[in-house]
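Letter by letter, the chains look like this.
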Amino acid sequence: MPANGLPMKLDSDDFELFGIPRRFAQDRQQLDRRWRELQAEVHPDRFATAAAAGQRVAMQWAVRVNEAYQRLKDPLRRAAYLCELQGAPIDAENNTAMPAGFLVEQMEWREALDEATTAERVEALSAQVADHRSGALARLASLIDERRDYSAAAQEVRALMFVERFLNDVEQRIEALTP
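It should be emphasised that the depicted structure is a prediction, and the values quoted were computed from it without experimental measurement.

Visitor: Got a minute to help me understand the layout of surface pockets in this structure?
Guide: Over the atoms, a rolling probe the size of a water molecule traces out where space has been left empty. In this structure, the largest pocket encloses a volume near 160 Å³. Every residue along the wall of the largest pocket is listed here: Pro-99, Phe-102, His-132, Arg-139, Ala-152, Gln-155, Glu-156 and Ala-159. Secondary-structure elements contributing two or more residues to the lining of the largest pocket are helix H6 (119-146) and helix H7 (150-177). No other element matches H7, which puts four residues into the lining of the largest pocket. Among the residues making up the lining of the largest pocket, the classes are represented as four nonpolar, two polar and two charged.

Visitor: Just checking my understanding: could you explain unusual backbone geometry for this structure?
Guide: A negative phi holds for most residues other than glycine; trans holds for most peptide bonds. Within the chain, Asp-91 stands out as a residue other than glycine whose phi angle is a positive 50 degrees. Along the chain, Asp-91 turns up in the loop between helix H4 (75-85) and helix H5 (100-115). Notably, Arg-148 is not glycine yet its phi reads approximately 55 degrees, a positive angle. Note that Arg-148 resides in the loop between H6 and H7.

Visitor: In this structure, what is going on with the environment of Leu-125? I would like to understand it.
Guide: By secondary structure assignment, the location of Leu-125 is in helix H6. In this structure Leu-125 comes out as buried when scored by relative accessible area, which is 4%. Along the primary structure Leu-125 and Ala-112 are separated by 13 residues, whereas in three dimensions their C-alpha atoms are 7.4 Å apart.

Visitor: Just checking my understanding: could you explain helix H3 (residues 52-73) for this structure?
Guide: The α-helix advances 3.6 residues per turn, and as a result positions three or four apart in sequence lie on the same side. The end-to-end C-alpha distance of H3 is 31 Å, a good match for the 32 Å that 22 residues give at a rise of 1.5 Å each. Those residues of H3 that sit buried are Ala-58, Trp-61, Ala-62, Arg-64, Val-65, Ala-68, Tyr-69 and Leu-72. Viewed end-on, H3 has its buried residues packed into an arc of 165 degrees, placing them on one side of the element. For H3, the secondary structure elements touched by its buried residues are helix H1 (14-18), helix H2 (28-42) and H4.

Visitor: Teacher, can you tell me more about the environment of Glu-120 here?
Guide: Checked against the element boundaries, Glu-120 lands in helix H6. Judged by relative accessible area, Glu-120 falls into the exposed class, the value being 56%. Sequence-wise, Glu-120 and Leu-143 are 23 residues apart; in three dimensions their C-alpha atoms are separated by 34 Å.

Visitor: In this structure, what is going on with the environment of Val-57? I would like to understand it.
Guide: Mapping Val-57 onto the fold places it in helix H3. By relative accessible area, which is 34% here, Val-57 ends up partly exposed. Residues Val-57 and Pro-44, spaced 13 residues apart in sequence, show a C-alpha to C-alpha distance of 8.6 Å.

Criteria and thresholds
Residues numbered from 1 in each chain as written. Predicted model: local features only at pLDDT ≥ 70, side-chain atom pairs only at ≥ 80, totals over all residues. Heavy atoms only, no water. 1 Å grid on protein atoms, 1.4 Å probe; cavity = no way out; pocket = protein on both sides within 12 Å on 5 of 7 lines; lining within 4 Å. Points joined across faces, edges and corners; volume = space filled by probe spheres on them. Helix = DSSP H or I, 4+ residues; strand = E, 2+ residues; numbered from the N terminus. Nonpolar A, V, L, I, M, F, W, Y, C, P; charged D, E, K, R; others polar. Buried < 20%, exposed > 50% of the residue type's maximum accessible area, 1.4 Å probe, protein only. Expected span 1.5 Å × (residues − 1). Arc of directions from axis to C-beta. Contact = heavy atoms within 4.5 Å.

Everything listed is a geometric property; what it means functionally is a separate question.
So, in structure tokens, the structure goes:
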């Protein structure tokens, strides 16, 4: 199926598929616009009158474009994908090693969450962890786009995966404490 007159390949990486540079920093508006353009080209409704095989291919393309978009729009997933493309797999299930300082910080956050009895205290913890997340995303941008240190970026991604899960726990706690 053509994309802007150029043939697309199902096995293109997400960046090639979207026609954007292979880097961490991305313009979200440009990414959203490109997703809408690609969806307009490959949406199965455009092929409703095509033969069954053509409809299946259109569905494959729509799924492929959506999967790529989901990966590219999420900074953590995009960073993990870039690391994997550069031969530094995240392997979070098997590689759980973290710097000691990070583990101590995680334990302190967990204790603070366990001890927080008001939504205000949990929200303050949420802000602290969100600041940590912002700093980690900035470090990822530097590690990937400037230093091209994908091994270090993979370690940062693994740490950020813990932070994301903790932020979800914090949000659940806020919801439980908010009337």
